[in-house]
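# Structural characterization, general
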Amino acid sequence: MSRSTIARINPRALQHNLRMLRQRAPQARVVAVIKADGYGHGLLTAAKALHGADMLAVATVEEGLNLRHSGIAAPILVLEGFHNQDELAGVCREQLVPVMHAAHQLQVLDQAGEIQLEQAWLKLDTGMHRLGFPAADAANLLHKLQPRVQQPVVLMTHLANSERDCSANARQLKQFDQAVAGLMAAHSIANSAAAWSLPETRRDWIRPGIMLYGISPFTDQTGDQLGLQPVMQLSSELIAMRDCQAGDRVGYGSRFECRQAIRIGVVAIGYGDGYPRHVRDGTPVWVAGHRAQIAGIPSMDMLTIALPRDSQAKVGDPVELWGQHIAVEEVAAWSDTIAYELVCQVKSRVKFQII
Ligand SMILES: *Cc1c(COP(=O)(O)O)cnc(C)c1O
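Each chain has its residues counted from 1, following the order in which its sequence is written. In view of the model being predicted, local features appear only for residues whose pLDDT reaches at least 70, and side-chain atom pairs are presented and counted only at 80 or more, with totals across whole chains, interfaces and linings using the full set of residues. To obtain the side-chain values, all non-hydrogen atoms of the structure were included, while hydrogens and water were left out.

## Structural notes on the domain arrangement of the chain
As far as domains go, the chain holds domain 1 (11-214) and domain 2 (232-354). Domain segmentation is taken from an automatic or database assignment of domains. Relative placement of domain 1 and domain 2: their C-alpha centres are 37 Å apart. Residue-level contacts link 8 residues of domain 1 with 7 residues of domain 2. Summed over both sides, the interface of domain 1 with domain 2 buries roughly 690 Å², with 70% coming from carbon and sulfur. Buried area is a sum: the accessible area each of two parts loses on coming together, probed at 1.4 Å, counted once for each and added. When the area that domain 1 buries against domain 2 is broken down by residue, the three leading residues are Gly40, His41 and Ile210, summing to 55%. Note on definitions: salt bridges are taken to be side-chain nitrogens of Lys or Arg within 4 Å of carboxyl oxygens of Asp or Glu. Between the two partners, domain 1 and domain 2, sit 0 salt bridges. We define a polar contact as two N or O atoms separated by no more than 3.5 Å, with the added condition that, inside protein, one atom must be a possible hydrogen donor and the other a possible acceptor, whereas residues neighbouring each other in sequence contribute only through side-chain atom pairs. Linking domain 1 with domain 2 are 0 residue pairs in polar contact (both at pLDDT 80 or more), by the criterion used here. Only Asp, Glu, Lys and Arg are considered charged in this grouping, and only Ala, Val, Leu, Ile, Met, Phe, Trp, Tyr, Cys and Pro are considered nonpolar; every other residue, Gly among them, is considered polar. For the side of domain 1 that touches domain 2, the residue count by class is 4 nonpolar, 4 polar and no charged. Any two residues whose heavy atoms approach within 4.5 Å are treated as being in contact.

## Remarks on unusual backbone geometry
A positive phi angle, close to 50°, is found at Gln95, a residue other than glycine. The way it works is that DSSP assigns letters per residue, a run of H or I at least four long becomes a helix, a run of E at least two long becomes a strand, and they are numbered from the N terminus. Structurally, Gln95 is set in the loop between helix H5 (85-93) and strand S5 (97-100). For Ser254, which is not a glycine, the phi torsion comes out positive at approximately 50°.

## Some words on empty space enclosed by the protein
Over the atoms rolls a probe the size of a water molecule, and in doing so it shows where empty space is left. For cavity detection a 1 Å grid was placed over the protein atoms alone, and a set of points counts as a cavity when a 1.4 Å probe fits there but cannot get out; an open set counts as a pocket when protein lies on both sides within 12 Å along at least five of seven lines, with lining residues being those that have an atom within 4 Å of a point. Grid points are joined across faces, edges and corners, and a volume is the space filled by probe spheres set on the points. Tallied over the entire structure, the rule returns 1 cavity of 30 Å³ or more. Looking at the largest cavity, its volume works out to about 30 Å³. Lining the largest cavity, in full, are Lys123, Leu124, Asp125, Thr126, Met128, Arg130, Leu131, Thr157 and His158. Along the lines of polarity and charge, the residues of the lining of the largest cavity split into 3 nonpolar, 3 polar and 3 charged.

## Some words on the packing of aromatic side chains
The description of an aromatic ring pair uses the distance of the two centres, along with the angle that the planes make with each other. Classification of ring pairs rests on two measures: the distance between centres of Phe, Tyr or Trp rings, Trp counted by its six-membered ring, which must be within 6.5 Å, and the angle between planes, read as stacked under 30 degrees, edge-to-face over 60 and tilted in between. By the definition in use, this model includes 4 aromatic pairs. Plain terms: the ring middles of Tyr39 and Tyr213 are 4.7 Å apart, the flat faces sit at 20° to each other, and that makes the pair stacked. Remark: Tyr213 occurs in the loop between strand S10 (205-206) and strand S11 (232-244) and Tyr39 occurs in helix H2 (residues 35-39); sequence separation between them is 174 residues. Assessed through its relative accessible area of 1%, Tyr213 is described here as buried. Taken together, the aromatic side chains of Tyr39, Tyr213 and Tyr340 make up a single cluster linked through ring pairs. Between the NZ or CZ atom of Arg24 and the centre of the ring of Trp196, over which it lies, the distance is 4.3 Å. Residue burial is assigned from relative accessible area. The probe radius is 1.4 Å, only protein chains are included, and a residue is buried under 20% of its type maximum, exposed over 50%, and partly exposed in between. Whether a charge sits over a ring comes down to the Lys NZ or Arg CZ being within 6 Å of the ring centre and within 35 degrees of the ring normal.

## Quick word on the state of the cysteines
Two cysteine sulfur atoms make up a disulfide if the distance between them is within 2.5 Å. For the coordinates displayed, the defined rule picks out 0 disulfides. In this structure Cys258 is a free cysteine whose sulfur lies 4.5 Å from that of Cys244, the closest cysteine sulfur available.

## Re helix H1 (residues 11-24)
Any helix carries an expected span of 1.5 Å times its number of residues minus one. With 14 residues, H1 should reach 20 Å at 1.5 Å per residue; the first-to-last C-alpha distance of 20 Å fits that figure. Listed as buried for H1 are Pro11, Ala13, Leu14, His16, Asn17, Leu18, Met20 and Leu21. Summarising the contacts, the buried residues of H1 are in contact with strand S1 (6-9), strand S2 (29-33), helix H3 (43-49), helix H9 (192-197), S10 and strand S19 (351-354).

## Considerations on the pattern of salt bridges
A complete count under the given rule lists 14 salt bridges for this structure. As a salt-bridge pair, Arg263 and Asp243 come within 2.9 Å of each other at their nearest N and O atoms. Remark: Asp243 occurs in strand S11 and Arg263 occurs in strand S14 (residues 262-267); sequence separation between them is 20 residues.

## Some points on the site of the ligand
As a matter of local geometry, the ligand sits amid 14 residues, with Lys35, Tyr39, Ser192, Ile210 and Tyr340 nearest to it. Contact between the ligand and Ser192: an oxygen atom at 2.5 Å from a side-chain N or O atom of the residue. A distance of 2.9 Å is found between a nitrogen atom of the ligand and a side-chain nitrogen or oxygen belonging to Arg207. Within the complex, 93% of the 390 Å² of free accessible area of the ligand lies under protein. Assignment to a cavity or pocket requires that more than half of a molecule's atoms be within 2 Å of the site's grid points. Using a 2 Å cut-off from the grid points, one finds that the ligand occupies the largest pocket. The residue inventory of the shell around the ligand, partitioned by class, reads 6 nonpolar, 4 polar and 4 charged. A cutoff of 4 Å decides nearness: a residue is near a molecule or strand if any of its heavy atoms lies inside that distance of it. Note on areas: Shrake-Rupley, 1.4 Å probe, and residue coverage restricted to the protein chains presented here.

## Let's talk about the pairing of S1
As defined by bridge partners, S1 adjoins S19 across 4 bridges and the pair is classed as parallel. Within the sheet, the bridge partner assigned to Ala7 lies in S19 and is Phe352. Here 4 bridges tie S1 to S11, and the two strands are oriented antiparallel to one another. Residue pairing for S11: Ile6 is matched across the bridge by Ser235. If DSSP finds at least two bridges between two strands, the strands pair.

## Some details on the layout of surface pockets
In this structure, the largest pocket encloses a volume near 930 Å³. Taken together, 41 residues form the lining of the largest pocket, with Asn191, Ile210, Pro217, Ile338 and Tyr340 sitting closest to its centre. Listed by contribution, the elements that provide at least two residues to the lining of the largest pocket are H2, H9, helix H10 (328-334) and helix H11 (339-345). Top contributing element to the lining of the largest pocket by residue count: H10, with 4 residues. Looking at the lining of the largest pocket, its residues break down into 21 nonpolar, 10 polar and 10 charged. Residue assignment places the lining of the largest pocket across two domains, with domain 1 (11-214) and domain 2 (232-354) each supplying three or more. The space that makes up the second largest pocket amounts to roughly 420 Å³. Residue lining of the second largest pocket: 22 residues in total, with Gln260, Ile262, Ala306, Leu307 and Pro308 positioned closest to the centre.

Next up, the structure:
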């Protein structure tokens, strides 16, 4: 019998969440971001489910080529663009849409001679200081790039604090608007958080990622509270149980100490599957119709939970780590990270099932 450690992926939830984002920004076209293997949910699963988006976005040319080779014909934006002649050739051959964000890409384009790109986006740095040309050069760059591109170039930037309503967003917006004033081009600024909560960032194209997967980027609300549906349910099963006495300690480093007699359950999932090792004792899981709590440091293939006194749980019962009953955002808070990291981290050792 094979191990029943399973990530169930629900494509209808992806479609529901896309509709929610469209309702929120009805004027904008949608680039559905599916980089990093669809935020850990599966690149192709996400691409197929999100056929209703106007465009897909991946980080690298390689991811774009993978999608094409799997038969995805939708427009594909490559957020990091091309970096050499090889990648540029792939972009042209497969009609990927590169983001142009640095001078070396313009050189690669120049060195390629006469070729014209079908489409390209031009990225301006307005304060994130990761990718992007200096915003003040927008007009120059656009005049230089547009003749090399058949369709109108889209101007984009990325916000560093979109999940907070703070002055940094206003500063970035102001920089962008000053830099592009008078230029005839479509704009794209908003990721999920901005598209949801900062109306002035919605413009022509929104670029949601995390919310498509049913996950909230905001620390004070879960996706469920926003009306989103979780796309991934991560579960395993109880493979052993034991009764422990007050004073007994559980797991590596003996971190968890039983204050009274309790029942400990062993679940067949660990950090070797992508469950975070650094969760604290008390992190919730769901078993036999109730919450139970992580007790002890998760190990590579297993973790231990303290079962409530009245639990009917028995060996073989399914245990949900996150999904329907336990929000992945909650597990993220218990492990001092963000839900983005948790879903991206699920390993291929886990069985992925499309439901
Ligand atoms: C990843 C990414 C997004 C999507 O961000 P979410 O917070 O997941 O919505 C949008 N734009 C760019 C440039 C990105 O890198």
